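What follows is the residue order along each chain.
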Amino acid sequence: MACPPDDPQPLARDEIFQTSAPGEFRFDEAVAKVFPDMLRRSIPGYSTLLQLISVLSSEVVKSGTAVYDLGCSLGAVSLAIRHAVGARDTTIVAVDNSPAMVKRCAEIMDADSGLCPVQVLEGDISKLSLAPCSLVVMNFTLQFLPIDERPTILRRIADALVPGGALVISEKTQSQGAATAHFFTEMHDAFRSQNGYSQLEMSRKREALDKVLVPEAPEKYVAWMEQAGLVPVEWFRALQFVSWVGMKAP
Ligand code: GEK
């Protein structure tokens, strides 16, 4: 796919599953290298979500509190927030457990001219202790954690949010209705096919992600957020890719 003319540099193209031997999906150096292209061609609405997160952050980020980007990969969410909050007195803490992602993310943050400090940490978000924060974003991250750990993580985040703070969760979800699930899968395959992925690449990726990315029903996320004391609002959906803002009461 050709890059738009205003792209500062062409994205390295994701061809990982053209040649790869079957095996579990890993966030290694090869994936980090092509990651922006992979997300853009695989997740419908990804760039709109980044824009929405930028808008939300300018509304909810409070001086004197932290901001977390959990499962930051190359820091696209951190950059969106950094440029929205300007000189506000906050630090964005970007966390990922992939050494390849963390290394590249730190380089990208150093090269960026945003005013707000970004601290890039290598770590497992299930073991992270959080400082008082006004915004936490998990953009397509929780889906990689064991299902039984997800509600505990959400509760820990909700406890760390200051009044009026917000949690953003975006996930690939699993519809309970078979017909809806089938329709979304077909449409997602057609979306990726239109973006240049072959049937072979898609089936290899499906196999590689099978035990690594485990989607849950949208209703589960809503219930977990409510149990954690947040008020969830579904603010974005494209096919089975759903995003919520969980607000903590002011
Ligand atoms: C974006 N948010 O561009 N602890 C920390 N990081 C983890 C863990 C964990 N336990 N498990 C997985 N990750 C980004 C995209 S990608 C989404 C996020 C995708 C990290 C993993 O290393 C990877 O970088 C990220 O979560 C998921 O908006 O690839 O579909």
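This structure is a prediction, so every number in the text was calculated from the model and none was measured. Here the residue index of a chain counts from 1 through its sequence in written order. Only residues with pLDDT of 70 or above have their local features reported here, since the model is predicted, and side-chain atom pairs are shown and tallied only from 80 upward, although totals for entire chains, interfaces and linings are computed over all residues. Only hydrogens and water are removed before side-chain values are computed, so all heavy atoms of the structure are retained for them.

With that settled, the discussion passes to the confidence of the model for the protein chain. Every residue carries a pLDDT, the predictor's confidence in it, which falls somewhere between 0 and 100. With 95% of its residues at a pLDDT of 70 or more, the protein chain has an overall mean of 93. Here, residues are in contact when the closest pair of their heavy atoms is within 4.5 Å. Overall, residues 1-8 carries pLDDT values under 50, and its contacts beyond four positions in sequence, including any with other chains, amount to 9 contacts.

Here the focus is the packing of aromatic side chains. Any two of the Phe, Tyr and Trp rings considered here, Trp counted by its six-membered ring, make a pair once their centres fall within 6.5 Å; the pair's planes then place it as stacked at under 30 degrees, edge-to-face at over 60, or tilted in between. For the structure shown, the criterion picks out 8 aromatic pairs. Here Tyr221 and Trp224 contribute two aromatic rings whose centre-to-centre distance is 5.2 Å and whose plane-to-plane angle is 80°, an arrangement assigned as edge-to-face. Taken as a pair, Tyr221 and Trp224 lie in helix α9 (residues 218-227) at a separation of 3 residues, close to a single helical turn. Pair check on accessibility: Tyr221 and Trp224 agree, each one buried. Of the aromatic side chains, those joined through ring pairs into one cluster are Phe17, Phe25, Phe27, Phe35 and Phe144. Charge-over-ring placement is defined geometrically: NZ (Lys) or CZ (Arg) within 6 Å of the ring centre, and within 35 degrees of the ring normal. The aromatic ring of Tyr197 is capped on one face by Arg41, whose charged end is 3.9 Å from the ring centroid. A helix here means a DSSP run of H or I that spans at least four residues, while a strand means a run of E at least two residues long, and both kinds are numbered starting from the N terminus. Throughout this description, buried means an accessible area under 20% of the type-specific maximum (1.4 Å probe, protein chains only), exposed means over 50%, and partly exposed covers the range between.

Moving on, we come to helix α6 (residues 150-160). Taken together, the buried positions of α6 are occupied by Arg150, Ile153, Leu154, Ile157, Ala158 and Ala160. Down the axis, α6 shows its buried residues gathered within 160° of arc, on one side only. On the buried face of α6, the contacting elements are β1 (66-70), β4 (133-139), β5 (161-172) and α9. This arc is built from the directions going out from the helix axis to the C-beta atoms.

This next bit is on the environment of Val231. Mapping Val231 onto the fold places it in strand β6 (residues 231-238). Between the C-alpha atoms of Val231 and Leu167, which are 64 residues apart in sequence, the distance is 9.8 Å.

The near set for a molecule or strand comprises every residue that places at least one heavy atom within 4 Å of it. Near the ligand lie 22 residues; those nearest to it are Tyr46, Gly71, Ser73, Asp96 and Asn139. Two N or O atoms form a polar contact when they lie within 3.5 Å of each other; inside protein one atom must be a possible hydrogen donor and the other a possible acceptor, and for residues adjacent in sequence the pair counts only when both atoms belong to side chains. In this structure, Gly71 approaches the ligand through a main-chain N or O atom, which is 2.8 Å from a nitrogen atom. Ser73 places a side-chain nitrogen or oxygen 2.8 Å from an oxygen atom of the ligand. Note on areas: Shrake-Rupley, 1.4 Å probe, and residue coverage restricted to the protein chains presented here. In isolation the ligand offers 660 Å² of accessible surface; the protein chains occlude 93% of this area. Elements supplying a minimum of two residues to the shell around the ligand: α2 (29-42) and α4 (76-85). Its residues placed into classes, the shell around the ligand shows 12 nonpolar, 8 polar and 2 charged. Note on residue categories: nonpolar means Ala, Val, Leu, Ile, Met, Phe, Trp, Tyr, Cys or Pro, charged means Asp, Glu, Lys or Arg, and polar means any other residue, Gly included.

What follows deals with the nonpolar core. Counting residues in hydrophobic clusters, the biggest one holds 45 residues, and the most contacted among them are Met38, Ile81 and Leu135. Excluding its chain neighbours within four sequence positions, the residues that come into contact with Met38 are Asp14, Ile16, Phe25, Val31, Tyr197 and Lys205. Of all hydrophobic cores here, the second largest spans 28 residues; its members include Ala66, Leu128, Leu130 and Leu145. What is meant by a nonpolar core is a set of buried Ala, Val, Leu, Ile, Met, Phe, Trp, Tyr and Cys residues, joined one to another through side-chain atoms within 4.5 Å.

On to helix α5 (residues 99-111), then. In an α-helix, one turn spans 3.6 residues; hence positions three or four apart end up facing the same way. Under the convention used throughout, the expected extent of a helix is 1.5 Å for every residue step, that is, one less than its residue count. With 13 residues, α5 extends 19 Å from end C-alpha to end C-alpha; this agrees with the ideal 18 Å at 1.5 Å per step. Of the residues making up α5, those classed as buried are Ala100, Met101, Val102, Cys105 and Met109.

It is worth spelling out the pairing of β6 at this point. Strands are treated as partners if at least two bridges between them are detected by DSSP. As defined by bridge partners, β6 adjoins strand β7 (residues 241-247) across 7 bridges and the pair is classed as antiparallel. Bridge pairing in β7 places Val233 opposite Val245. Counting the residues in the hairpin turn of β6 and β7 gives 2 residues, including Leu239, whose phi is positive at 55°.

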